[in-house]
Amino acid sequence: MLDSDIGYMKEALLEAKKAEVLGEVPIGAVIVKDGTIIAKGHNLRETLKDPTAHAEIIAIREASKRLGGWRLHGCTLYVTLEPCQMCAGALIQSRVDRVVYGAKDLKAGAAGSLLNLLNDERFNHQVSIESGVLEEESAHLLKIFFKNLRKGKEDSKS
């Protein structure tokens, strides 16, 4: 882990908090190239009514526009939750060099927890993975969000 990883993960956490304010699952992502944040994203699935509107996908789209191409060579994606299989596939397809994530996703993680698409040598591109960066902060955001969601559902039944 690099010292700069913590700073960029803090930026991803700020993106996650933007999602939370919208009532979205609090997951945030940033993409960095040459020491500069070139794209940001947070979950917008509910807001956009779009199952592909994950933080990583939004950030990948923004980075591609900013760089003027789909290949994101030299880029690192920082995300608060381990990427799912859809996002892992997009990271491989976009040729991101490195992924740094906070909390593990034991139910849908495709960067080492449930499966590891990012390092599968059968693909034409592999992505370096760094896990556990600001893991507690990332997991705490999710835990509180889902606790409040369950509490709200219980309150509405009363």
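Residues numbered from 1 in each chain as written. Predicted model: local features only at pLDDT ≥ 70, side-chain atom pairs only at ≥ 80, totals over all residues. Heavy atoms only, no water.

Draft legend 1. The UniProt feature "binding site: Zn(2+)" (unreviewed entry) in the protein, seen in detail. UniProt marks His54, Cys84 and Cys87 with the feature "binding site: Zn(2+)" (unreviewed entry), using the numbering shown here. For this annotated set, covering 34 residues, all C-alpha atoms fall within 9.4 Å of each other, a compact arrangement in space. Its location among the elements puts His54 in the loop between α2 (45-48) and α3 (55-67). Only 3.4 Å separates the side chain of His54 from the backbone oxygen of Pro51, close enough to count as a polar contact. In this fold, Cys84 is placed in the loop between β3 (75-81) and α4 (85-93). (UniProt positions renumbered as here; feature names shortened; annotations may be inferred. Helix = DSSP H or I, 4+ residues; strand = E, 2+ residues; numbered from the N terminus. Polar contact = N/O pair within 3.5 Å; in protein donor to acceptor, adjacent residues only side chain to side chain.)

Draft legend 2. Highlighting the UniProt feature "domain: CMP/dCMP-type deaminase" (unreviewed entry) in the protein. Following the UniProt record, the feature "domain: CMP/dCMP-type deaminase" (unreviewed entry) maps to residues 3-114 here. Helix makes up 40% of residues 3-114 and strand 23%. Its end C-alpha atoms lie 28 Å apart.

Draft legend 3. Broad picture of the sheet that holds β3. If you walk across this open sheet you meet the five strands as β2-β1-β3-β4-β5, and the pairing is mixed. Only two strands of the sheet have a single partner each, and these edge strands are β2 (36-42) and β5 (128-131). Going across the sheet, the axis of each strand differs from the next one's by a mean of 20°, ignoring polarity. In terms of strand pairing, strand β1 (residues 28-33) meets β3 through five bridges, oriented antiparallel. Of the residues in β3, the one forming a bridge with Val30 is Tyr78. Packed on one face of the sheet, α3 meets β1, β2 and β3 and runs near 140° to β2. (Pairing = 2+ DSSP bridges. Axes fitted to C-alpha atoms, helices over the stretch in contact; angles between N-to-C directions. Contact = heavy atoms within 4.5 Å.)

Draft legend 4. Here's a closer look at the environment of Ala139. Secondary-structure assignment places Ala139 in helix α5 (residues 135-157). On the basis of relative accessibility, which here comes to 32%, the residue Ala139 falls in the partly exposed class. (Buried < 20%, exposed > 50% of the residue type's maximum accessible area, 1.4 Å probe, protein only.)

Draft legend 5. Molecular detail of the packing of α3 against α4. Packing of α3 against α4 leaves a shortest axis separation of 9 Å and a crossing angle of 20°. In this view, α3 runs roughly parallel relative to α4, as classed from their interaxial angle. Taken as a pair, α3 and α4 cross one another with a handedness that is left-handed. Residues Glu56, Ile57 and Ile60 of α3 form the contact with α4, whose participating residues are Met86, Cys87, Ala90 and Leu91. Within the contact of α3 with α4, the residues separate by chemical class into six nonpolar, no polar and one charged. (Parallel < 35°, antiparallel > 145°, perpendicular 65-115°, else oblique. Left-handed = near helix turned anticlockwise from the far one by under 90°. Nonpolar A, V, L, I, M, F, W, Y, C, P; charged D, E, K, R; others polar.)

Draft legend 6. Quick peek at the packing of aromatic side chains. A complete count under the given rule lists two aromatic pairs for this structure. Measuring from centroid to centroid gives 5.1 Å for Phe145 and Phe146, while their planes differ by 85°, and the two rings are edge-to-face. (Phe/Tyr/Trp six-rings, centres within 6.5 Å; stacked < 30°, edge-to-face > 60°.)

Draft legend 7. Expanded view of α3. Between the first and last C-alpha of α3 there are 18 Å, a value that for 13 residues agrees with the 18 Å anticipated at 1.5 Å per step. Turning to α3, its buried residues are Ala55, Glu56, Ile57, Ile58, Ala59, Ile60, Ala63 and Ser64. Of the surrounding elements, those touching the buried residues of α3 are β1, β2, β3 and α4. Downstream of α3 by a residue or two, Gly68 has a phi angle that is positive, lying close to 75°. (Expected span 1.5 Å × (residues − 1).)

Draft legend 8. Just the environment of Asn116, in detail. For Asn116, the position within the fold is in the loop between β4 (98-103) and β5. Of the residues examined, Asn116 reaches a relative accessible area of 29% and is grouped as partly exposed. Apart from residues no more than four positions distant in its own chain, Asn116 is found in contact with Ala110, Ala111 and Ile129. At a separation of 3.2 Å, a polar atom in the side chain of Asn116 contacts the main-chain amide nitrogen of Leu118. Within polar-contact distance, the side chain of Asn116 engages the backbone nitrogen of Asn119 at 3.1 Å.

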